[in-house]
Amino acid sequence: MLKFPARIARARPTGFLSRAVFATLSALSAGISTPAVAAPLYGIDSSESWVRVLVYRAGLLGRLGHNHVVSIKQLQGCVHVAEPIEQSRVTIRMAVRDFLVDDAAERQAAGDDFKGDVAAADIDGTRRNMLGPALLDDGHFPDITLQASRFAGQLPAMTMHAIVQVQAQD
């Protein structure tokens with residue numbers, strides 16, 4: 001689930017490149033109303049914004065593992081509010097080293113499929129594998145970016161279509 005804050009601060013324009021994986025994300029709840037001025041740009045309030053990814057066990061060895069919650073609370077980015085609102089844009093950058101794996105509070109918030117604590121050694125192993133060269137490879141690709149420029153629905157519940165850039169070359 002992707003949540004944007006109700007409090008968004010005005011910011012200078014920033015530029016992030018995005019080219020790769022297409023994803024559809026929902027739940028844009030920014031509490032933004034369309035202002036009378038043309039195309040204002042707002043910074044994302046990182047103290048009030050977060051991303052939570054629910055990872056379900058699967059495959060041949062799935063019965064031996066457990067579901068994971070990967071979250072991040074240090075987001076950077078901006079919201080470009082357009083008229084009409086459906087033409088707005090959102091850009092978010094997430095440093096993969098800031099991802100939390102199986103945080104107890106995040107697991108509890110994720111619901112019944114994520115009940116129970118996970119041993120510290122299991123959390124460390126999962127995080128090491130996730131950041132390693134076989135997956136996110138944080139040594140070569142430190143950031144994930146998300147850029148949304150197509151919205152549908154009405155505030156406060158809109159669907160945004162986004163490009164998520166993982167392991168992108170500049």
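What you see is a predicted model; the values in this text were computed from it and never measured. (Residues numbered from 1 in each chain as written. Predicted model: local features only at pLDDT ≥ 70, side-chain atom pairs only at ≥ 80, totals over all residues. Heavy atoms only, no water.)

Asker: Could you give an account of the nonpolar core, naming the residues involved and the relevant values?
Answerer: Within the largest apolar cluster, 28 residues are counted, with the highest numbers of intra-cluster contacts made by Ile92, Met94, Phe99, Met130, Leu136 and Ile144. Looking at this core, the elements that each hand over two or more residues are β6 (68-72), β7 (75-80), β8 (89-95), α2 (120-131), β10 (143-154) and β11 (157-165). (Core = buried A, V, L, I, M, F, W, Y, C linked by side-chain atoms within 4.5 Å. Buried < 20%, exposed > 50% of the residue type's maximum accessible area, 1.4 Å probe, protein only. Helix = DSSP H or I, 4+ residues; strand = E, 2+ residues; numbered from the N terminus.)

Asker: If you had to explain the pattern of salt bridges to someone new, which residues and values would you point to?
Answerer: The tally for this structure, following the rule as stated, stands at 6 salt bridges. Between Arg93 and Asp143 there is a salt bridge, with the nearest N and O atoms lying 2.6 Å from each other. One end of the pair, Arg93, is in strand β8; the other, Asp143, is in strand β10, and 50 residues separate them in sequence. By relative accessible area, which is 18% here, Arg93 ends up buried. Judged by its relative accessible area of 28%, Asp143 falls in the partly exposed class. Arg107 serves as the salt-bridge partner of Asp102, at 2.9 Å between the closest nitrogen and oxygen. Residues joined by salt bridges that share partners form a network here, namely Arg52, Lys73 and Glu106. (Salt bridge = Lys/Arg side-chain N within 4 Å of Asp/Glu carboxyl O.)

Asker: Before we move on, could you go through α2 and cite the residues and values that matter?
Answerer: In this model α2 runs 16 Å from its N-terminal to its C-terminal C-alpha over 12 residues, within 8% of the 16 Å that 1.5 Å per residue would give. Of the positions making up α2, those classed as buried are Ile123, Gly125, Met130 and Leu131. Taken together, the buried residues of α2 touch β6 and β9 (100-101). (Expected span 1.5 Å × (residues − 1). Contact = heavy atoms within 4.5 Å.)

Asker: Any chance you could break down a nonpolar patch on the surface for me, citing the residues and the numbers?
Answerer: Together, Leu60, Leu61 and Leu64 give the surface a local cluster of nonpolar side chains, amounting to about 410 Å² of exposed area. Within the secondary structure, Leu64 is located in the loop between β5 (50-55) and β6. Judged by its relative accessible area of 61%, Leu64 falls in the exposed class. (Patch = residues over 30% accessible without salt bridge, like charges linked within 9 Å, V, L, I, M, F, W, Y side chains within 5 Å. Areas by Shrake-Rupley, 256 points an atom, 1.4 Å probe, with all protein chains shown as cover.)

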